[in-house]
Amino acid sequence: MKVRRWMLEVFRDRITSLFSLPSSGQNPYFCLMFSKQEAQQLKKEFWTAFGKSFPRKWILYDTKIKDMSFKFYADKKKAEVSLDIEMKDEVFRDAYYNKIWSLEDILKDFIGDFHKEEFYTLENGKVISRIWVEKHGISVFNKNTWREAFEFFVEKMDGFERFYYEYEDFIKDV
């Protein structure tokens, strides 16, 4: 185990010295190997920095509709803002999805182009309905992309929330 960790440290040092990327044009897909603890720490710093940079109370889980929520997501390649409809009852999930989908052109005015999937499968196997926007070239492991991620989050979540508040009564009437 010690030999493996030592080899990873040597590998990380050599990679770092081989690829001295300019700070302004770093490749967002390039990411050094981090230990699990280092990765967790960077993710924590990312979300803490976002909260401090843009202190605001978001709707997120407070939609007043059980199992329907807005979410932020970021990983080593992209950032996403989504509306997840997670009802176990397929009839209700479908009804809410179709209500929102009936407002497709209006939603596009609020958030721009977006993706939608009526039967989106999460990593844990759970099937939900999801409407989301994403921005590639952002990494929680590259601090040079954090500001861009934060601005994307604010712009798109604000659009989702304004849309939701404007059409809340219509959406809730299922």
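Residues numbered from 1 in each chain as written. Predicted model: local features only at pLDDT ≥ 70, side-chain atom pairs only at ≥ 80, totals over all residues. Heavy atoms only, no water.

- Looking at an unreviewed UniProt entry, one finds the protein named DUF4268 domain-containing protein and attributed to Chryseobacterium gambrini.

Some details on the pairing of strand β3 (residues 115-121)
Logical step 1: Two elements, β3 and strand β4 (residues 127-136), share 5 bridges in a ladder whose sense is antiparallel. Note on β4: the bridge partner recorded for E117 is R130. (Pairing = 2+ DSSP bridges. Helix = DSSP H or I, 4+ residues; strand = E, 2+ residues; numbered from the N terminus.)

A word on helix α2 (residues 36-53)
Logical step 1: Compared with the 26 Å implied by 1.5 Å per residue over 18 residues, the 26 Å span of α2 between its first and last C-alpha is a close match.
Logical step 2: Contacts from the buried residues of α2 go to β1 (68-74) and α5 (146-172). (Expected span 1.5 Å × (residues − 1). Contact = heavy atoms within 4.5 Å.)

Things to note about the nonpolar core
Generally speaking, nonpolar side chains in soluble globular proteins are found buried as a group.
Logical step 1: Counting 38 residues, the largest nonpolar core has M68, I100, F153, F160 and I171 as its most contacted members.
Logical step 2: Among the secondary structure elements, those contributing two or more residues to this core are α2, β1, β2 (78-85), α3 (90-101), α4 (104-111), β4 and α5.
Logical step 3: Counting residues per element, this core draws most heavily on α5, at 10 residues.
Logical step 4: Once residues lying within four places of it in the same chain are set aside, the contact partners of I171 are I65, M68, Y96, K99, I100, L103, F163 and Y164. (Core = buried A, V, L, I, M, F, W, Y, C linked by side-chain atoms within 4.5 Å. Buried < 20%, exposed > 50% of the residue type's maximum accessible area, 1.4 Å probe, protein only.)

Examining unusual backbone geometry
Where the residue is not glycine, phi is negative for most of them; where a peptide bond is considered, it is trans in most cases.
Logical step 1: If you check the backbone angles, L60 has positive phi at about 45° while not being a glycine.
Logical step 2: One can find L60 in the loop between α2 and β1.
Logical step 3: Judged by relative accessible area, which is 23%, L60 ranks as partly exposed.
Logical step 4: Unlike most non-glycine residues, D67 shows phi in positive territory, near 65°.
Logical step 5: Within the element layout of this structure, D67 appears in the loop between α2 and β1.
Logical step 6: Residue class for D67 comes out partly exposed when judged on its relative accessible area of 33%.

Regarding the sheet that holds β2
Logical step 1: Read across the sheet, 4 strands follow the order β1-β2-β4-β3 without closing on themselves; strand pairing throughout is antiparallel. Two strands close off the open sheet at either side, each with one partner strand: β1 and β3. With direction set aside, neighbouring strand axes in the sheet form an average angle of 25°.
Logical step 2: Relative to β4, β2 is paired through 8 bridges, and the arrangement is antiparallel. Counterpart to S82 in the pairing with β4 is W132.
Logical step 3: Docked against the sheet, α3 engages β1, β2, β3 and β4, running at close to 175° with respect to β3. (Axes fitted to C-alpha atoms, helices over the stretch in contact; angles between N-to-C directions.)

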